[in-house]
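# Overview (structure and organization)
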Amino acid sequence: MTVLTSLPQFPWLSLLIVLPLVGALLCLMHSKRPADCRALSLATSLAVFGVALYLFICHGQGEGRWLLYEDVSWIERFGARYVLAMDGIALLMVLLTSFMQVSAVLLAWRVERHVSSFFALLLLLEAGLMGIFLAYDLVLFYLFWEVALIPMFFLISVWGGANRRQAALKFFLYTLVGSFFMLIAIIALYQIHGAQSGVYSFVIGDLLQTQLTAAQEGWLFAGFMAAFIVKSPLVPFHTWLTDALTESPAAGSLDLTGLLLKTGIYGLIRVAFPLFPNATENFLPILAILALIGLFHAAWSAYHQDDIKRLLAYSSISHLGLVVLGLAAWQFTAWEGSILLMVSHGITTGGLFVLVALIQERTGTRSMKELGGLWGQAPCLGFLFLLFSLASLGLPGLANFSGEILVLLGTFQQHPLWAVIALLGVVFAAAYILRLVQGVLWGPAYKERSVPDLTLREWIILLPMAILVVWMGVYPEPFLAPMHGAVETLLAGGLP
Amino acid sequence: MYDKLWLIPFFPLLGAIINGLLGKRFIKNEKVIGAIGTGMLFLSFLVSCKYFIQLLGDSVKSHQNVIASWMSVGKLQVDWGFLLDPLSALMIMVVTGVGTLIHLYSIGYMHGEEGFYRYFSYLNLFVFSMLMLVLGNNALVMFVGWEGVGLCSYLLIGYYFEKKSAGDAAKKAFVMNRVGDFGFLLGLFTLFWALGSHGVWTINFVEITENAHLLSGDMILGASVTTVATLCFFLGATGKSAQLPLFTWLPDAMEGPTPVSALIHAATMVTAGVYMIGRMNILFAMSPTTMFVVALVGALTAIFAATIGFAQNDIKRVLAYSTVSQLGFMFVAMGVGAFTAGIFHLMTHAFFKACLFLGSGSVIHAMHHALHHAHLDDDAQDMRNMGGLRKKMPITWATFGISCLAISGLPFFSGFFSKDEILWWAFASTRGNKVIWVIVVVAAFMTAFYMFRCLYMTFYGEQKTNPKAKDHVHESPWVITLPLVVLAGLATVGGLIGIPHAIDIAHVGNKLNAFLAPVFHHSQELYKIEAHGSASTEIILMVFSVAIALAGIGFATVMYMKDPSLPGKFTAKFPTLHRVVFNKWYVDEIYDTLFVNSTKKLGIFCWKGFDVKVVDGIVNGIAKLVGALSSVLRYTQSGLFTNYALTMVLGTVVMLAIFILN
C-alpha cells in the first residue's frame, strides 16, 4: 500500500469535514435570522460540493490505492492518530454526500420550526458522514460514527411525523447497541495489536498486520459486523429503518436513505473485510444468504405498503440487499457494481423521497388510497416521478441498471445460484414499483384538490438528480474509473 | 460508409423529446405535433432505405458503427454500437416503414384526444427503442431496446391512465415481460462466462457468432451450455412475443389505442423474440433440443390461441389472439431451422396484421363516433353490434378482406408464401417433425375460420348497430384509409420476394432467401439444417394447405353467412366447451391463484407476520422490560427524552475512556 505523503499538501480532506462544522456553528450563532441560516447552509453545502467536485476532477485518478492521505498525530498517549485517507470508493461517497446535502438543504427550505437548529444539525450530519467516509483511524472512525447518529436522532425526534418519538428512539437504540459492540471490538483489537507489536495504534493500516487466532478474529469481526449489519440494514435488523424513514422529515429521509444507510456497507468494505480476511471468507456465504433474504423479504413487503414512504423504505432494503450480495460474491465486477449501485440508489431513491415530500406538501397525504391521477394534474412532477421509479426498477439506460447488471453478472461467475435467485428478486421490484406508479400517477384525479406543478426551487433540486440518473445509466464510466484501483487492492488484500 | 447508422434511431428519439417537452405548452397544434412525429420517423425511414440499398450493392454484408463506450469493468466491455446486416436491414425497413404509416394513421385516429402530444411522444420513443433492439451490435444494447419497447408498451397500454383496467393491463404486461427478461439476462450471463472460459470475453453479436463453435462440447448442469443458454433466451422470447406460458398479457394489452396495437402488439415489438432467435441463430442451431422446444412451444401456442380466437366477440381480442397464434407460426419456423421463413412470415405478418388492426381501428373509430353521436354507450368494439359495414366503409372492408385472404394463406397473397414455406420446412426439414406439421396445419385451418368469422360478423349480413346510430357510421378520412391501402397492397404482393423454388416458373429466384443467406446460411450449413424433398411433394403439400385454408373459409361461410343460427346451436350443444374457450381456458385465473395470490400472501406474511409481530414484538418486549427496570430508577428521570439520548452517548464515551485508560 503506497502512502502519498511526500509533500505537505493542502488538507483538502479536513476541509470537507471542517467546512460543514463551521457552517453549523455559524447557523447556531445566527439563530434569530432564519433567512441567513438558509443562505448560510446553502453556501456551505455548495462549497463542500465544490471541494468534492474539485477532488473528483483533479484527484480522481492515481497510482495505487490512496488518492489523498492526511496523517497528523492526535492523542499520542493512546496512539490515536488523525488519519484521513481517500481512495476511489471514498471519493465517490464524498461526492454523493456533498451532492445530496445540497439537495437536502434546498428541500428543507420551507422548514419553519427552529430553523437554525435544523440546518445546524443537517450540516453536523454532513460533517459526521464525511468523517465516516474518510477516517482511517478507528477512534476517529468511531467518533464520526457517533457524531452522525446524534443529528439524525434529533432531526427525527423534533421535526418528524406523528410517531417521531418512537421511531427516533428505535433508530437510536438499534444503532447504539450495534456500535457498542464495535467499540468493544476496536479496543480489543487495539490491545491485541499493541501487546503483539509493542506499537499501540488505532490506524487501520497498522492494525492490518495484527496476527489473530481464529477465535479472536471471529469475535472481533462479529463486533464490527453488529454495527455494520444493523446500519446496512440486513433482515432481521431492519425494522428501525422503515420506521425512521417514514417518520423522518423530508431532508432527513433524503440523508438517511441516500447516505447514512451506506455507512454500514462502507464499513464492511473499508474496515471489517480488510481487518479480518479469514473471518470474512467464512462469513461471506452467510452474508449472501442474509442479503438474499433481505432482497426478497423487502420486495414482498413493499408490495403491500400503502404509505409511499414506507414502500420506498422497503425498496431501499431490497436494493441494499443486492449491494451486499455483490460484495459477498467477492468478485471484481460485482464489487464495482455494488459500489456503483450504492451511489445510484442514493440518487434514485433520494429523488423519489424528494418527490414524495413534494406530493405530501401538496396533497397532505402519503397514502396511496388518497392519491392518484397526478400524471394529469402535475405533468412535470409526474414525469420525474416516473423517471425515478423506472430507474429504481432497473430500466436499462438509467442509473440503477448499470450497477445491477454488474452485480448480477459478477456474482453469476462466482456463485451462479445466488445470481439466479437475485435475478428472480428483480422481477418483484417491477411489481411493487409499478404498483407505486399506478397508485400515485394513474387512476382518476381527485378533482376537489388542485396539485400545482413543480416550482423553480423544486426543479433546481430535481433536475441535477434526473440528469445524473440518465448519465449514470448511459455512461457510468466516470464513476467507475476512480474505483478500479481501490477495488483491486481490497479484493487482493482481503482474501488470500 | 456506414458511420451514420445512429441517425436511424436518433430521429425518432428527437421527435419524442421535442413532442414530449414542448408538445403541451408550446406546440399545442395537433397538426404540427403529428407532422413532427410522423416526419421524424419518415426521415428515419429514408435513412434506412439509403442503407438498405447500399447494403444490397455491397459485397461485405456486416457493418458495425460504434458511437461511444458504455462501460468497461473487468472483462466486460460494452459499447453503444450498431450492426447492419441483411437481417437488421430488413427489420429497420419494416419497423420504420410500417411505423411511418401507423404514425400517419394515428393523426386521424387520435384526433381530439387530450394527450395527443403525449401519444406521439411515446410512439416515437417506442420506435426509437425498437430500432435500438434491432440495430444493437451487442446483447446489452439489444436489452436496452428490449426493455425500452416494454416500457413504451407499458405507457401506451396505460395511455388512458384514468381507467383502472388500462393501468392493470399495463402493469401485467410489464411484470410478465420481466419474467421473460429474467431468462434473457440469465442466458446472457451463461453465454458471457461460457465464452469467457475459452478466453473470448464478449457480448458482441458478430464475435459471438464467430466464436460460438468453441462452445460445442461444453457442459453445464448435465446439459450442453448452448442448450441452457438458448433455453434461457427463449424464455425471454416467450415473454416479449407472447408465447406459452407467458402470453396472457397481450390480449389485455388491447386496452391501448388501436394504432398502438397495430404497431407494437402486432407488427413490431412482439416479433422481437423471433428476431432475437434470428440474431443468435448459430447458438440455437447448435442445440437441437432447444430448437425442438421452440418449435413445439410455437406450434402449441399457434393452436391454443386459435381456439380462443373462435369465441371472442371483441374485434380487437380476436386479432390479439390471432397475433399470438401467428407468432407461434414464426417460432415453429425458427424451431425447425427455417430462419428465413420465420423472418419472412414476420414481415408479411407485419403487413397484413397491421392492416387488420388498423382496419379494425377504422371500424371502431366509425362506430365510436356514430354511437357517441347517438348518445349510446354500446360497446364500439363488439362485433355483435356491427355487421353489414361493407357498404358503409368500402375501403376499410376491401383492405380488411384482402388481409384476411393473406393471413389465411390463399395463393399468391403474401401470407401464402411465408406460411407455406414454414409448413414445408416443418414437414421436410432435418429439424422438422411431422407432429408439429400436423398441429400447424390444424392451426392454419382454424386461422382461416376465425378470420373469416371476424370478417363476416363485421362487414357482412344485417347491420346490428343500434338503429339510432346506424346511419352515422361513415368511412374514415384519408389519413386513415391511405395507410390501409398501402398495407393491403403490401399484404398482396409482399410475398413475391420469397417465391419457393418448386413453383418458380419465371425463374425469378427466392430473393429473400438470397438476401438473408449471409446471416443464416453459415449455421444451416455447419449444423446440417436443410429441407429436403422433391418438388412434387412440395407442390402436393402446397395444394393441400390451400385446400385446408379454403375449408376453413368454407366453414366460416356456412356458419356465419349461410345459416347464422348455427353458432348459437353449437354453443347450446356444448355449453361447457364454449364457456371454457370463451374464458380463455381460465389461464388468467390459474396464474392468479398459483403465482400472483400466493406471492401476495407471502408479502403479507413478511410484513405483518414477521416484521410487525416477530421482530418488532421482540424489540418492544425488550423495551418494555427496560421500561419496567427504569421505573425502579425513576429518580434519574428528568422527563426529557432527549436527555436520555445524550446520556447514552456520554456513557459510551466514558466507557471508551475507561477501556483505554486500563
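Residues numbered from 1 in each chain as written. Chains lettered and ligands numbered in written order. Predicted model: local features only at pLDDT ≥ 70, side-chain atom pairs only at ≥ 80, totals over all residues. Heavy atoms only, no water.

## Some words on the overall build of chain B
For chain B, the helix and strand inventory stands at 27 helices and 4 strands. Computed over the C-alpha atoms, the radius of gyration of chain B is 29 Å, within 12% of the 26 Å expected from 2.2 N^0.38 for a compact globule of 662 residues. The principal-axis extents of the C-alpha atoms in chain B amount to approximately 105 × 65 × 55 Å. Considering only residue pairs separated by 6 or more positions, chain B has 81% of its internal contacts joining residues 24 or more positions apart. About 25000 Å² of surface is accessible on chain B, with carbon and sulfur atoms providing 69% of the total. A gap of 6 Å separates the mean positions of the 43 positive and 36 negative side-chain charges of chain B. (Helix = DSSP H or I, 4+ residues; strand = E, 2+ residues; numbered from the N terminus. Rg over C-alpha atoms; globule rule 2.2 N^0.38 Å. Contact = heavy atoms within 4.5 Å. Areas by Shrake-Rupley, 256 points an atom, 1.4 Å probe, with all protein chains shown as cover. Lys, Arg positive; Asp, Glu negative; His and termini not counted. Charge placed at Lys NZ, Arg CZ, Asp CG, Glu CD.)

## Side note on the overall build of chain A
Along its length, chain A carries 20 helices and 2 strands. Here the C-alpha atoms of chain A give a radius of gyration of 22 Å, agreeing with the 23 Å that 2.2 N^0.38 yields for 496 residues. Judged by the C-alpha coordinates and their principal axes, chain A covers about 75 × 55 × 40 Å. Sorting the 496 residues of chain A into buried and exposed places 69% on the buried side. When contacts within chain A are restricted to residue pairs at least 6 apart in sequence, long-range pairs at least 24 apart make up 80% of them. Charged side chains of chain A number 23 positive and 27 negative; the gap between the two group centres comes to 12 Å. (Buried < 20%, exposed > 50% of the residue type's maximum accessible area, 1.4 Å probe, protein only.)

## Considering the interface of chain A and chain B
Across the contact, 79 residues belong to chain A and 61 residues belong to chain B. Approximately 6400 Å² of surface area, both sides summed, lies buried where chain A meets chain B, with 76% of it carried by carbon and sulfur atoms. Looking at the side of chain A facing chain B, the largest losses of area belong to His-304, Leu-409 and Leu-423 of chain A, adding up to 10% of the total buried there. On inspection of chain A and its partner chain B, the count reaches 1 salt bridge. The partner of Asp-616 of chain B in a salt bridge is Lys-170 of chain A, and the shortest N-O contact between them spans 3.0 Å. (Buried area = accessible area lost by both parts, 1.4 Å probe. Salt bridge = Lys/Arg side-chain N within 4 Å of Asp/Glu carboxyl O.)

## Let's talk about the nonpolar core
Within the largest apolar cluster, 453 residues are counted, with the highest numbers of intra-cluster contacts made by Leu-16, Leu-138, Phe-171, Phe-224, Phe-228 and Val-440 of chain A together with Leu-140 of chain B. Leaving out residues up to four positions away in the same chain, Leu-16 of chain A has contacts with Val-48, Val-51, Ala-52, Leu-55, Val-94, Met-130 and Leu-134 of chain A. (Core = buried A, V, L, I, M, F, W, Y, C linked by side-chain atoms within 4.5 Å.)

## Quick look at the environment of Val-437 of chain A
Tracing the backbone shows Val-437 of chain A in helix 17 (residues 416–440). Between the C-alpha atom of Val-437 of chain A and that of Leu-386 of chain A, which follows or precedes it by 51 residues, the distance is 6.8 Å. Once residues lying within four places of it in the same chain are set aside, the contact partners of Val-437 of chain A are Leu-386, Ser-389 and Trp-442 of chain A together with Tyr-154 of chain B.

## Describing the packing of aromatic side chains
One pass over the structure, following the stated rule, counts 71 aromatic pairs over all chains. Consider the rings of Trp-66 of chain A and Tyr-136 of chain A, whose centres lie 4.8 Å apart with planes at 70 degrees: the pair is edge-to-face. In this pair, Trp-66 of chain A is assigned in the loop between helix 2 (34–58) and strand 1 (68–75) and Tyr-136 of chain A in the loop between helix 4 (115–134) and helix 5 (138–159), connecting sequence segments 70 residues apart. Three or more aromatic residues joined by ring pairs form one cluster here, namely Phe-141, Trp-145, Phe-221, Phe-224, Phe-228, Phe-276 and Phe-283 of chain A. The residue whose ring lies beneath Lys-231 of chain A is Trp-145 of chain A, and the NZ or CZ to ring-centre distance is 4.1 Å. When the ring centre of Phe-427 of chain B is taken as reference, the NZ or CZ atom of Lys-434 of chain B above it lies at 4.7 Å. (Phe/Tyr/Trp six-rings, centres within 6.5 Å; stacked < 30°, edge-to-face > 60°. Lys NZ or Arg CZ within 6 Å of the ring centre and 35° of its normal.)

## Regarding the pattern of salt bridges
Side chains that differ in sign of charge can pair as their charged atoms come close. All names here are of chain B. Applying the stated criterion to the full structure yields 19 salt bridges over all chains. Across the pair Asp-382 and Arg-384 runs a salt bridge, and its minimum N-O distance is 2.8 Å. Linked through salt bridges whose partners overlap, the residues forming this network are Lys-172, Asp-252, Arg-317, Lys-584 and Asp-588.

## As for the pairing of strand 1 of chain A
All names here are of chain A. By the bridge criterion, 7 bridges tie strand 1 to strand 2 (residues 80–86) in an arrangement that is antiparallel. By the bridge assignment for strand 2, Ser-73 is matched with Arg-81. In this antiparallel pair of consecutive strands, strand 1 and strand 2, the connection spans 4 residues, and Gly-79 shows a positive phi of 75 degrees. (Pairing = 2+ DSSP bridges.)

## Remarks on a nonpolar patch on the surface
All names here are of chain A. Together, Leu-463, Ile-467, Val-470, Trp-471, Val-474 and Tyr-475 make up a nonpolar patch on the protein surface, roughly 500 Å² of accessible area in all. Assignment of secondary structure puts Leu-463 in helix 18 (residues 456–474). Residue classification places Leu-463 among the partly exposed positions, given a relative accessible area of 41%. (Patch = residues over 30% accessible without salt bridge, like charges linked within 9 Å, V, L, I, M, F, W, Y side chains within 5 Å.)

## Thoughts on the side chain of Thr-280 of chain A
All names here are of chain A. Position of Thr-280 among the secondary structure elements: in helix 11 (residues 277–303). Residue classification places Thr-280 among the buried residues on the basis of a relative accessible area of 0%. Side-chain polar atoms of Thr-280 contact the backbone oxygen of Phe-276, separated by 2.6 Å. Excluding its chain neighbours within four sequence positions, the residues that come into contact with Thr-280 are Phe-221, Ala-272, Phe-273 and Trp-330. (Polar contact = N/O pair within 3.5 Å; in protein donor to acceptor, adjacent residues only side chain to side chain.)

## A look at the pairing of strand 2 (residues 76–84) of chain B
Looking along a regular strand, one sees side chains alternate from face to face of the sheet. All names here are of chain B. Counting buried positions along strand 2 yields 7 of 9 residues, so the element is predominantly enclosed. Of the strand pairs in this sheet, strand 1 (residues 63–73) and strand 2 are connected by 9 bridges, and their pairing is antiparallel. The residue of strand 2 that forms the bridge with Met-71 is Val-78. Between strand 1 and the antiparallel strand that follows it, strand 2, lie 2 residues; Gly-74 among them carries a positive phi value of about 55 degrees.

## Observations concerning the packing of helix 14 (residues 315–335) of chain B against helix 19 (residues 434–459) of chain B
Residues and elements named next belong to chain B. With their axes 11 Å apart at the nearest point, helix 14 and helix 19 run at an angle of 155 degrees to one another. Accordingly, the angle class assigned to the pair helix 14 and helix 19 is roughly antiparallel. In this structure, helix 14 meets helix 19 at a crossing whose hand is left-handed. Contacts from Ile-315, Val-318, Leu-319, Ser-322, Ser-325, Gln-326, Phe-329 and Val-332 in helix 14 reach Ile-436, Val-440, Ala-443, Ala-444, Thr-447, Tyr-450, Met-451, Arg-453, Cys-454 and Thr-458 in helix 19. Tallied by class, residues from the contact of helix 14 with helix 19 come to 12 nonpolar, 5 polar and 1 charged. (Axes fitted to C-alpha atoms, helices over the stretch in contact; angles between N-to-C directions. Parallel < 35°, antiparallel > 145°, perpendicular 65-115°, else oblique. Left-handed = near helix turned anticlockwise from the far one by under 90°. Nonpolar A, V, L, I, M, F, W, Y, C, P; charged D, E, K, R; others polar.)

## Quick look at the confidence of the model for chain B
Residues and elements named next belong to chain B. On average, residues of chain B score 87 in pLDDT, and 95% of them reach the 70 mark or higher. Within chain B, the lowest mean pLDDT, 57, falls on helix 27 (residues 641–661), and the highest, 94, falls on helix 11 (residues 272–279). Overall fold confidence (pTM) sits at 0.91, and the ipTM for the predicted complex is 0.90. (pLDDT = per-residue confidence, 0-100.)

## Remarks on the state of the cysteines
Applying the stated criterion to the full structure yields 0 disulfides over all chains. Unpaired in this structure, Cys-355 of chain B has its nearest cysteine sulfur neighbour in Cys-404 of chain B, at a distance of 9.2 Å. (Disulfide = S-S within 2.5 Å.)

## Notes on the packing of helix 6 (residues 164–196) of chain B against helix 8 (residues 225–240) of chain B
Residues and elements named next belong to chain B. At a closest axis distance of 7 Å, the pairing of helix 6 and helix 8 adopts a crossing angle of 155 degrees. In terms of axis orientation, helix 6 runs roughly antiparallel to helix 8. Note on packing geometry: the crossing formed by helix 6 with helix 8 is left-handed. Counting all contacts with helix 6, which are made through Asn-177, Val-179, Gly-180, Phe-182, Gly-183, Phe-184, Leu-186, Gly-187, Leu-188, Thr-190, Leu-191 and Ala-194, the residues of helix 8 involved are Val-225, Val-228, Ala-229, Cys-232, Phe-233, Leu-235, Gly-236, Gly-239 and Lys-240.

## Section: unusual backbone geometry
With an omega dihedral of -20 degrees, the bond running from Ser-232 of chain A to Pro-233 of chain A counts as a cis peptide bond. Along the chain, Pro-233 of chain A falls in the loop between helix 8 (214–231) and helix 9 (239–247). Between Val-235 of chain A and the following residue, Pro-236 of chain A, the backbone shows a cis peptide bond with an omega angle of 10 degrees. Within the secondary structure, Pro-236 of chain A is located in the loop between helix 8 and helix 9. Non-glycine residue Leu-221 of chain B carries a positive phi angle of around 50 degrees. Note on placement: Leu-221 of chain B falls in the loop between strand 3 (219–220) and strand 4 (223–224). Since its relative accessible area comes to 81%, Leu-221 of chain B is described here as exposed. Here Tyr-586 of chain B, not a glycine, exhibits a phi torsion of approximately 60 degrees, which is positive.

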